[in-house]
Structure formats: structure tokens, C-alpha cells
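Understanding the architecture of this molecule
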Amino acid sequence: MDLTMCGLLPDRAEEIARLYREHGNWNQVKEIWFEERRANRSTKGSSQKIYRVLSSRFKNAPATLPNPSDLPAVLDTCSSSRDKAQVLYLYLVADDALVRYAVHEYARRLTEDFPEPLDFSNETLTSVLNQFEYTDETPFDYADSTTERWCEGLRSVMREIGVLENQQTVVGDPPSLGETPLLVAMGYSYEEGDEEWFESPTGLQYLFQPSARWEELYNRAAETEAWEFVELHGSLQLRPTDEAYSSITSGGI
């Protein structure tokens, strides 16, 4: 239930990523982080919770996402705060099993012939959470107030990445993707998948891109120098021209 304590917090997450890039040691990052928080008179308990949750997203980042030490370079290529939020969001989904479960359910609904709206009301989210089961078969069972805080935490994330328009909105739309989050989502889809990755692109689905948009997004990626269509086994397939993230970790698109 980490989302009840700490949402996406893109600015603070970027700060931690830059400290890690500079020092390359999580113990040093933690020490500097707390020194700066003390100087700003932040409460120790709040700072500890935020650091634990945000640093976990980077420490547990799968090898299929850009390495956390490369993340500042990736964020530098973003053209807006929303772009940065969409990139950082993928680390949240990869790290948080409950968020990932909910995102999977919404992504599944988008693949249906008549997709349901992206409804993030408490009622709809609670119905999704009530289907969740831990590996020991323990059901999802939290106090209503805790569940409501988690739902609000998820809605705040959806606002950051452009799914929900404002605090009053609970039903949203698939967000538009800037070039950097598109290339990160493409790279993640490619690294997570197999030869048929483009038939179920994980990164694009996590960002709620409906299947009707995939061809357009693939064409956009191929218009950059990072991706190209190549002929394999008699058909055109999309592949990175180099390593999946090299174009956005080596100084710009």
C-alpha cells in the first residue's frame, strides 16, 4: 500500500536519480537526501517514507528499463513535466505489485472490441482491488479509509501522466505520448517481450495506449533514428537500430 504514503512525485524522484548518477552509491544518496531534508526542516518520518518508496522504484528497476544511473540523461531529453512523469511512471508500475495489478486490468479492458472508459472512481477501483489475491491466497483486505487513500494516490498518478484532467475528474482518456516516453515505452516493450513483442507491447499498454494506436506509434518511432523496420522471415518488423535506449541515454534524440 505504498501509494497511500507517496505518489509519483516526479521532481523528488528525479532528484534521487540525479544523486545516484552523481554518487553511484545508495548509502551516499540516502545520507545526502536526509541532510538536505533536515536543512529544509522536513519531518524525519515523512522523509524516510518518501525516500524508501522512491528509491525502491530505482533499486528494484528491471533490466528491461533504462538503468537508474542513465535516467537523468533520459529525463534531460524530455520536453515537458508530463514526459518525465510518464517515464518515471513505468518504474512505479514495475516496482509496485498492486499498482501493476490494477494497470493490467485497465490495459486488458482497452484490448476488448468495445473498450470500457478509463474509470478511476473509488467504486471501480475497489471492484478491481477486490479481485486481487496474494500468492498465499490471502485476499485484498484493508480498511475503507486506507483503500480510499490508495485510490486517491492512483488518481494523482493518473493526473501526472495525463490520463485524468484535474482533481474533479475520475474518468479519463489514453494520454498522448511525447517522443522520449514513447521511446522508453517502446524499448521496455521490446525488452520485455519476445519476437512477437509488437503484438502485445507492455510499455504502450501500461501507458493505456489502445491497440488502434499502436501502428501510428510504431511509425512515429521508425521516423526517429532509434528504430527501423527490417525484413525478417519475409515480413517487416520493428527493431532498435542499436541498443534499445542508446538514443536517449547517450545525449539526446
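As a starting point, this report considers the structure included with it.

Here the focus is the state of the cysteines. Per the stated rule, a full pass over the model turns up zero disulfides. No disulfide involves Cys78; its sulfur sits 19 Å from the nearest other cysteine sulfur, which is in Cys6.

Along any regular strand the residues' side chains alternate between the sheet's two faces. Relative to strand E4 (residues 235-240), strand E3 (residues 227-232) runs antiparallel, the two sharing six bridges. Opposite Leu232, over in E4, you have Ser235 as the bridge partner. Turn length for the E3-E4 hairpin, with the two strands adjacent in sequence and antiparallel, is two residues, and the turn residue His233 shows positive phi of about 55°.

Now for the pattern of salt bridges. Going through the model one piece at a time under the given rule, you end up with 10 salt bridges. The salt bridge involving Glu14 is made with Lys84; its shortest N-O contact spans 3.2 Å. In this pair, Glu14 is assigned in helix H1 (residues 10-23) and Lys84 in helix H5 (residues 81-95), connecting sequence segments 70 residues apart. On the basis of relative accessibility, which here comes to 10%, the residue Glu14 falls in the buried class. Lys84 gets classed as partly exposed once you look at its relative accessible area, which sits at 23%. The shortest N-O distance in the salt bridge between Arg155 and Glu152 comes to 3.3 Å. With Arg155 and Glu152 both in helix H8 (residues 144-160) and three residues apart, this pair spans about one turn of that helix.

As a further point, take the packing of H5 against H8. With their axes 9 Å apart at the nearest point, H5 and H8 run at an angle of 135° to one another. Classified by the angle their axes make, H5 and H8 are oblique. Across the interface between the two elements, Arg82, Ala85, Tyr89 and Leu92 from H5 touch Val157, Met158 and Glu160 from H8. Within the contact of H5 with H8, the residues separate by chemical class into five nonpolar, no polar and two charged.

Before going further, it helps to spend a moment on the packing of aromatic side chains. Taken as a whole and judged by the stated rule, the model has 16 aromatic pairs. When the ring of Phe58 is compared with that of Tyr91, the centres are 5.7 Å apart and the planes differ by 75°; the resulting orientation is edge-to-face. With a gap of 33 residues between them, Phe58 in helix H3 (residues 44-59) and Tyr91 in helix H5 connect regions that are remote in the sequence. Here Phe58 matches Tyr91 in class, with each residue buried. Between Trp197 and Trp227, the ring centres sit 5.7 Å apart and the planes meet at 50°, which makes this aromatic pair tilted. Of the two residues, Trp197 is situated in the loop between helix H9 (179-192) and helix H10 (202-206) and Trp227 in strand E3; the sequence distance between them amounts to 30 residues. Comparing Trp197 with Trp227 shows no difference in burial state: the two are buried. Through a chain of ring-to-ring contacts, the aromatic side chains of Tyr190, Trp197, Phe198, Tyr218 and Trp227 assemble into a single cluster. Directly above the ring of Tyr106 sits Arg109, whose terminal nitrogen or CZ lies 5.4 Å from the centroid.

Procedures and definitions
- Residues numbered from 1 in each chain as written.
- Predicted model: local features only at pLDDT ≥ 70, side-chain atom pairs only at ≥ 80, totals over all residues.
- Heavy atoms only, no water.
- Disulfide = S-S within 2.5 Å.
- Pairing = 2+ DSSP bridges.
- Helix = DSSP H or I, 4+ residues; strand = E, 2+ residues; numbered from the N terminus.
- Salt bridge = Lys/Arg side-chain N within 4 Å of Asp/Glu carboxyl O.
- Buried < 20%, exposed > 50% of the residue type's maximum accessible area, 1.4 Å probe, protein only.
- Axes fitted to C-alpha atoms, helices over the stretch in contact; angles between N-to-C directions.
- Parallel < 35°, antiparallel > 145°, perpendicular 65-115°, else oblique.
- Contact = heavy atoms within 4.5 Å.
- Nonpolar A, V, L, I, M, F, W, Y, C, P; charged D, E, K, R; others polar.
- Phe/Tyr/Trp six-rings, centres within 6.5 Å; stacked < 30°, edge-to-face > 60°.
- Lys NZ or Arg CZ within 6 Å of the ring centre and 35° of its normal.

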